[in-house]
Amino acid sequence: MVDLNELAEAVINGNRDRAVQLTQQALDEGMDAARILNEGLIAGMQVVGEKFKKNEFYIPEVLVAARAMKAAMEVLRPILTERSDIQPLATVVIGTVRGDLHDIGKNLVAMMLEGAGFRVIDLGVDTPPEKFVEAVKEHGARIVGMSALLTTTMPAMKDTIETLKAAGIRDQVIIMVGGAPLTQEYADSIGADGYAPDAASAVDKAKELLSKKAA
Ligand code: B1M
């Protein structure tokens, strides 16, 4: 049986091949994908963050850890995005906000939403407000999802909401925000419709807000 601490270690050490191999092995052994993700990959990345904060790790180490985590997430993708229904629940436009290059959490949220039956348009990282507006118009999105991992890029969420307002489409969409430094209070203060602390609750929140809006 795969030891998930070993998987976390592989992420911490940036050992991509080992992370991929252990993730695949855990799946083959019938382990739950959410458990592999939370207790292996996310737990490892948590340690990376702590080491980075204490100056025990620098950017290159964090980058190789992120590369290992992303490669292992690709192994989980087919399971996380497996869907039973055919008609998408709604279209979600999602992106990491302007100035912010962190995308692991955003990618996870996108995968889980896809798995829950949403059509997801992923705008990537460092997304300017205007790009969100264009994408909502182009794809007829009902939900706008924004991710930020830096306290310095959180204000870009407010800018994006203001830009959606200026474009006259703010009330057509549900705005959801998330990312490690975010709180419900911050989400309320910038006028977002919803906040979720992790990818699984982001799916619940999206469904809840959608049904409220339809009611
Ligand atoms: Co950066 N970084 N980083 N980094 N990095 C953090 C965020 C930091 C907390 C590290 C630390 O000091 N401990 C710190 C931010 C401090 C702050 O602002 N308070 C930091 C810093 C300072 C920086 C730089 C400024 C460093 C520098 O250059 N001096 C720089 C900024 C670059 C930029 O963006 N402009 C930088 C760069 C990088 C890398 C490029 C090296 C790399 C990113 C690689 C990549 O993403 N492709 C990186 C990484 C990996 C991290 C840490 C270690 C890990 C982030 C992560 O992937 N976590 C991070 C420390 C940490 O968070 N422990 C750190 C795992 C991921 C699954 O969690 O993203 O929180 P998370 O997503 C969760 C939830 O937040 C939520 O669901 C996800 C899944 O459960 N969620 C949503 C996320 N988005 C959501 C959206 C929703 C709903 C929920 O609705 C739409």
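Just above, that's the structure.
**Student:** Before we go on, may I ask you to explain the layout of surface pockets in this structure?
**Tutor:** Where empty space is left becomes clear once a probe the size of a water molecule has been rolled over the atoms. One number sums up the size of the largest pocket: a volume of about 1600 Å³. Along its surface, the largest pocket is lined by 49 residues, and H102, I104, G105, L149 and A180 are the ones closest to its centre. Of all elements in the fold, only helix 3 (33–53), helix 4 (59–80), strand 1 (91–96), helix 5 (104–115), strand 3 (143–147), strand 4 (174–178) and helix 9 (199–214) reach the threshold of two or more residues within the lining of the largest pocket. It is helix 3 that provides the largest number of residues to the lining of the largest pocket, a total of 11 residues.

**Student:** What am I meant to see in the packing of helix 5 against helix 9 here?
**Tutor:** Here helix 5 crosses helix 9 at 50°, and the two axes come no closer than 8 Å. By the angle between their axes, helix 5 is oblique relative to helix 9. Crossing handedness for the pair helix 5 and helix 9: right-handed. Residues L108, V109, M112 and L113 of helix 5 pack against A199, A200, A202, V203 and A206 of helix 9. Split into classes, the residues belonging to the contact of helix 5 with helix 9 amount to nine nonpolar, no polar and no charged.

**Student:** For this particular structure, what's the right way to read the packing of aromatic side chains?
**Tutor:** For any pair of aromatic rings, geometry is given as the distance between the ring centres together with the angle between the planes. Enumeration over the complete set of coordinates arrives at zero aromatic pairs. For the cation-ring pair, K51 lies above F57, with the distance from its terminal atom to the ring centre recorded as 5.7 Å.

**Student:** Got a minute to help me understand the sheet that holds strand 3 in this structure?
**Tutor:** Strand pairing within a sheet occurs via backbone hydrogen bonds; the two strands may be parallel or antiparallel. Taken in spatial order, the five strands line up as 2-1-3-4-5 in an open sheet, and their pairing is parallel. Looking at strand neighbours, the two that pair on one side only are strand 2 (119–122) and strand 5 (194–195), the edges of this open sheet. Sheet topology note: the strand 1/strand 3 ladder contains five bridges and is parallel. Across the sheet, the residue bridging to V92 is I143, located in strand 3. Contacts from helix 6 (residues 129–139) reach strand 1, strand 2 and strand 3, with the element oriented near 160° to strand 1.

**Student:** Quick question: what am I supposed to make of the nonpolar core here?
**Tutor:** Burial of nonpolar side chains together is a common tendency in soluble globular proteins. L41 and F118 are the most contacted members of the largest nonpolar core, which has 51 residues in total. Contributing elements (two or more residues each) for this core: helix 1 (4–12), helix 2 (16–28), helix 3, helix 4, strand 1, helix 5, strand 4 and helix 9. By residue number, the principal contributor to this core is helix 4, which donates 10 residues. For this core, the domains that each give at least three residues are domain 1 (4–82) and domain 2 (91–214). If you look at the next biggest cluster of nonpolar residues, it comprises 27 residues, including V177, L182, A187 and Y195.

**Student:** Even after reading the chapter, I still don't get the site of the ligand, so can you show me in this structure?
**Tutor:** Surveying the vicinity of the ligand reveals 34 residues, the closest of which are L101, H102, D103, S147 and T151. Within the backbone of L101, an N or O atom sits 2.6 Å from an oxygen atom of the ligand. Between an oxygen atom of the ligand and a main-chain N or O atom of A199, the distance comes to 3.2 Å. More than half of the atoms of the ligand fall within 2 Å of the grid points belonging to the largest pocket.

Procedures and definitions
- Residues numbered from 1 in each chain as written.
- Predicted model: local features only at pLDDT ≥ 70, side-chain atom pairs only at ≥ 80, totals over all residues.
- Heavy atoms only, no water.
- 1 Å grid on protein atoms, 1.4 Å probe; cavity = no way out; pocket = protein on both sides within 12 Å on 5 of 7 lines; lining within 4 Å.
- Points joined across faces, edges and corners; volume = space filled by probe spheres on them.
- Helix = DSSP H or I, 4+ residues; strand = E, 2+ residues; numbered from the N terminus.
- Axes fitted to C-alpha atoms, helices over the stretch in contact; angles between N-to-C directions.
- Parallel < 35°, antiparallel > 145°, perpendicular 65-115°, else oblique.
- Left-handed = near helix turned anticlockwise from the far one by under 90°.
- Contact = heavy atoms within 4.5 Å.
- Nonpolar A, V, L, I, M, F, W, Y, C, P; charged D, E, K, R; others polar.
- Phe/Tyr/Trp six-rings, centres within 6.5 Å; stacked < 30°, edge-to-face > 60°.
- Lys NZ or Arg CZ within 6 Å of the ring centre and 35° of its normal.
- Pairing = 2+ DSSP bridges.
- Core = buried A, V, L, I, M, F, W, Y, C linked by side-chain atoms within 4.5 Å.
- Buried < 20%, exposed > 50% of the residue type's maximum accessible area, 1.4 Å probe, protein only.
- Domains from an automatic or database assignment.
- Near = heavy atom within 4 Å.
- Polar contact = N/O pair within 3.5 Å; in protein donor to acceptor, adjacent residues only side chain to side chain.
- Sits in = over half its atoms within 2 Å of the grid points.

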